[in-house]
Amino acid sequence: MDSNRDTATWLKKLQGVLNDNQALPESKYLQLATINHKNQPEVRTVVFRGFLETTGSLLIHTDIRSKKIQDIAANNHAQICWYFSQSREQFRFTGSIQVITAQSKQQSLRLQHWQQLSESAKQSYFWDTPGEILALDDEFQSHANQSNPTQPMSDNFCVLLFSVTEVDHLQLKPTPHIRNRFVFNRHGWQAYKVNP
Ligand SMILES: Cc1cc2nc3c(=O)[nH]c(=O)nc-3n(C[C@H](O)[C@H](O)[C@H](O)COP(=O)(O)O)c2cc1C
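In short, a report on the structure. (Residues numbered from 1 in each chain as written. Predicted model: local features only at pLDDT ≥ 70, side-chain atom pairs only at ≥ 80, totals over all residues. Heavy atoms only, no water.)

**A closer look at the packing of aromatic side chains**
- Using the criterion set out here, one finds 13 aromatic pairs in the structure.
- Arranged with centres 5.7 Å apart and planes meeting at 5 degrees, the rings of Phe91 and Phe93 form a pair that is stacked.
- For Phe91, a relative accessible area of 0% translates into the label buried.
- Look at Phe93 and you get buried, because its relative accessible area is 0%.
- What links up through ring pairs into an aromatic cluster is the set Trp10, Phe48, Phe51, Trp82, Phe84, Phe91, Phe93, Phe184 and Trp189. (Phe/Tyr/Trp six-rings, centres within 6.5 Å; stacked < 30°, edge-to-face > 60°. Buried < 20%, exposed > 50% of the residue type's maximum accessible area, 1.4 Å probe, protein only.)

Written as structure tokens, this is what we have:
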């Protein structure tokens, strides 16, 4: 066991991997799993939107009306699985999620992320409720509740802060493969080399 109290080594590794894989747009796609009210897993692909500088939390955008928000409200424990095809490595993050909504304190963070969105991405937060069943023979009308460029931030836009408590990092390129675990406890971050 390697005690590493000052720095989260996994964060430096992840930043390096993101840098190495930046030519691949799909390297920003990760799988986020939550637990629903029936205690069953729900997984979906989302876009990685950066780190919270102060804590290293992973940032994700979503619509407050989406199903995952109900899951998180009932149980904020979650996992992320993220594979980088160029460097052939996987990160699995265990942690919990805080939802930054229009009612939260951290409005500067929310605004900063809203401003980085493309116009079409902004528009999607004014569409009808995601996941709702359409009437028979209806087509989805994306122009419903259309925004205009001067419109303020949609109340539906929220930022998820995924706070990491455990990391499982698997590297497939070398043979034998390399696997490291990082666990956060009262002593800080602990690093373990484990069998792949
Ligand atoms: C490549 C890709 C990227 C996606 N990015 C996001 C995203 O950043 N945020 C998001 O809420 N949904 C994103 N989605 C849609 C989700 O996978 C999912 O369908 C949606 O969020 C509804 O999930 P829920 O019903 O579990 O809340 C993305 C889907 C794909 C295929």
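**Points about the pairing of strand E6 (residues 89-100)**
- Direction of pairing for strand E5 (residues 77-84) relative to E6: antiparallel, over a ladder of eight bridges. Among the inter-strand pairings, Ala78 is bridged to a residue of E6, identified as Gly95.
- Taking the residues that link successive antiparallel strands as the turn, the E5-E6 hairpin has four residues, and the phi of Arg88 there is positive, at about 55 degrees.
- Judged from the twelve bridges that link them, E6 and strand E7 (residues 157-171) form a sheet pairing that is antiparallel. Each bridged residue has a counterpart across the sheet, and for Ile97 the counterpart in E7 is Phe162. (Pairing = 2+ DSSP bridges. Helix = DSSP H or I, 4+ residues; strand = E, 2+ residues; numbered from the N terminus.)

**Notes on the site of the ligand**
- Every residue close to the ligand is listed here: Tyr29, Arg44, Thr45, Val46, Val47, His61, Thr62, Ser66, Lys67 and Lys68.
- Between the ligand and His61 there is a distance of 2.8 Å, counted from a nitrogen atom to a backbone nitrogen or oxygen.
- Between Lys68 and the ligand, the recorded distance is 2.7 Å, taken from a side-chain N or O atom to an oxygen atom.
- Burial of the ligand by the surrounding chains reaches 58%, relative to a free accessible area of 610 Å².
- Judged by the proximity of its atoms to the pocket grid, the ligand belongs to the largest pocket.
- Contributing elements (two or more residues each) for the shell around the ligand: strand E3 (41-51), strand E4 (58-63) and helix H2 (67-74).
- Per-element tally for the shell around the ligand: the top contributor is E3, with four residues.
- A class-by-class count of the residues in the shell around the ligand yields three nonpolar, four polar and three charged. (Near = heavy atom within 4 Å. Polar contact = N/O pair within 3.5 Å; in protein donor to acceptor, adjacent residues only side chain to side chain. Areas by Shrake-Rupley, 256 points an atom, 1.4 Å probe, with all protein chains shown as cover. 1 Å grid on protein atoms, 1.4 Å probe; cavity = no way out; pocket = protein on both sides within 12 Å on 5 of 7 lines; lining within 4 Å. Sits in = over half its atoms within 2 Å of the grid points. Nonpolar A, V, L, I, M, F, W, Y, C, P; charged D, E, K, R; others polar.)

Such coordinate-based values are descriptive only and should not be taken to indicate function.
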